[in-house]
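Now for the letters of each chain:
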Amino acid sequence: FFFPNKLFFFLSFYHVVFALEEEIIISKLGDNATLSCIYQEKELQLKNLRVYWQIADDQEVCSVVHAMISGQDNESEQCSHFKNRTQLFWDRLENGNFSLLLLNVRQSDERAYKCVVLEKMEFTKVIHQAKVVLSLAASYSQPILSGPIRNSDSTGEEMTFSCRSDNGYPEPNVYWINKTDNSHLLPSELKITPHADGTYSVFSTLKVKATSNMQIECSIENKILQENLSANYTEQKKSTESHKNMKKNGKGAQAAGIISMVLLIGLLAILICWLRRQRSKLVSYRGNE
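- Named according to an unreviewed UniProt entry, the protein chain is ICOSL protein originating from Turnix velox.
- Regarding the protein chain, the UniProt comment filed under Subcellular location (unreviewed entry) reads as follows: "Membrane".

See below:
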C-alpha cells in the first residue's frame, strides 16, 4: 500500500523531472465541473491501477481529493471538504479516462488539481499525470442605471447617476462611458459587497456636469466569462416647449369634447321633435275616427 505522504514525496520528485501541461476549466458556482485526466497510450486493467486526485498547489490543505485503488474508491484519506462530492466515470476508466466529476462547485474549490495514475506490475510506476486549474465564475445581473430627469436649462449643473448589478463572481470591472465621444469617466463611488454564497454585488455612482446632449453608459465586465453587460442613459428633458405642447394638446382635447357635447344635444333635440310630431299625427288620426 502506498501511503499518501510517501506517495506525494515521490510525485513531487517526479514533477521536477517532467513538467505538466496545465488545463484551465471554467465553471459557474453551484454547477458540476469535470476535471479532465485522459491516458490513451495502452490498454489498462483496473486491478493494477491506483488513481489519485490531489490539490496541486497546497497539499497540506488537502492531500487527497479522490482516490481509486485496484478498481475501488478509497475514502480513507479523502479530505472532508470533498466527501460525497467527487465521482469517477466508471464506464470510462478502462478506456483510460480518469476524469473527476466535482459536484456543486464552491468558491473554496477554485484551485489547481493534479491527477496521478500509477500502475503496479513488477513494480509501481507513474504512467500518467495531468494538471487542471479550476476557475470559478458567475454571471452578473443586467445592470440597472438610474439618472435624473433634467430641465432644459440645467446645462452645467452637477448630475448624479447610479448603477447596480448583483450575484456575480469574481469581482467585476466597472466602467462609466460618455457615449458622445466614448471617453471613460471616473466613478464617484464604487462599492463591491460579498455575499454568503461567494458572489458579489456592485454599486457605483457617477457625478458629472450636465451637457446639452448627455449619453451615459455603465458597463459591468466579468473577465473570466468574457461577459460585458451594459445599461444606457439617454437624457430626459422637462422643457418649456414640451410643457406648452402639453397645454396646447389639453386645450384641443377640451374643445373637441365641447363640440361633441353640442352635437349630441342637437341630435337629441331633433329626435325629441320628431317623436312629438309622430305623437301629434297619431292623436289626430284617432280623433278623425
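1. Some thoughts on the state of the cysteines
Move 1: Across all of its chains, the model carries 3 disulfides by this definition.
Move 2: In this model C37 forms its disulfide with C115; the gap between the sulfur atoms is 2.1 Å. Here the disulfide of C37 and C115 is left-handed, its torsion about the S-S bond being about -65°. Here C115 lies in strand β8 (residues 112-120) and C37 lies in the loop between β2 (33-35) and β3 (49-55), a separation of 78 residues in the sequence. Both residues of the pair, C37 and C115, count as buried.

2. Points about the sheet that holds strand β18 (residues 227-234)
Move 1: On the basis of which strands lie adjacent, the open sheet formed by 4 strands has the order β14-β13-β17-β18 and antiparallel pairing. The sheet is open, and its two edges are formed by β14 (183-185) and β18, each paired on a single side. Looking at each pair of strands side by side, their axes are set apart by 30° on average, direction ignored.
Move 2: The pairing of strand β17 (residues 215-222) with β18 spans 8 bridges and is antiparallel.

3. Some remarks on the pairing of β3
Move 1: Of all the 7 residues making up β3, 7 are buried; the element is thus mostly covered by neighbouring parts of the structure.
Move 2: By the alternation rule, side chains of β3 split into L49, V51, W53 and I55 and R50, Y52 and Q54, which are all buried.
Move 3: Strand direction decides the pairing type here: β3 and β8, joined by 7 bridges, are antiparallel. By the bridge assignment, V51 is partnered in β8 with V117.
Move 4: Bridge count for β3 against strand β4 (residues 66-69) is 4 bridges, and the pairing is antiparallel. By the bridge assignment for β4, V51 is matched with M68.

Definitions and limits used
Residues numbered from 1 in each chain as written. Predicted model: local features only at pLDDT ≥ 70, side-chain atom pairs only at ≥ 80, totals over all residues. Heavy atoms only, no water. UniProt positions renumbered as here; feature names shortened; annotations may be inferred. Disulfide = S-S within 2.5 Å. Helix = DSSP H or I, 4+ residues; strand = E, 2+ residues; numbered from the N terminus. Buried < 20%, exposed > 50% of the residue type's maximum accessible area, 1.4 Å probe, protein only. Pairing = 2+ DSSP bridges. Axes fitted to C-alpha atoms, helices over the stretch in contact; angles between N-to-C directions.

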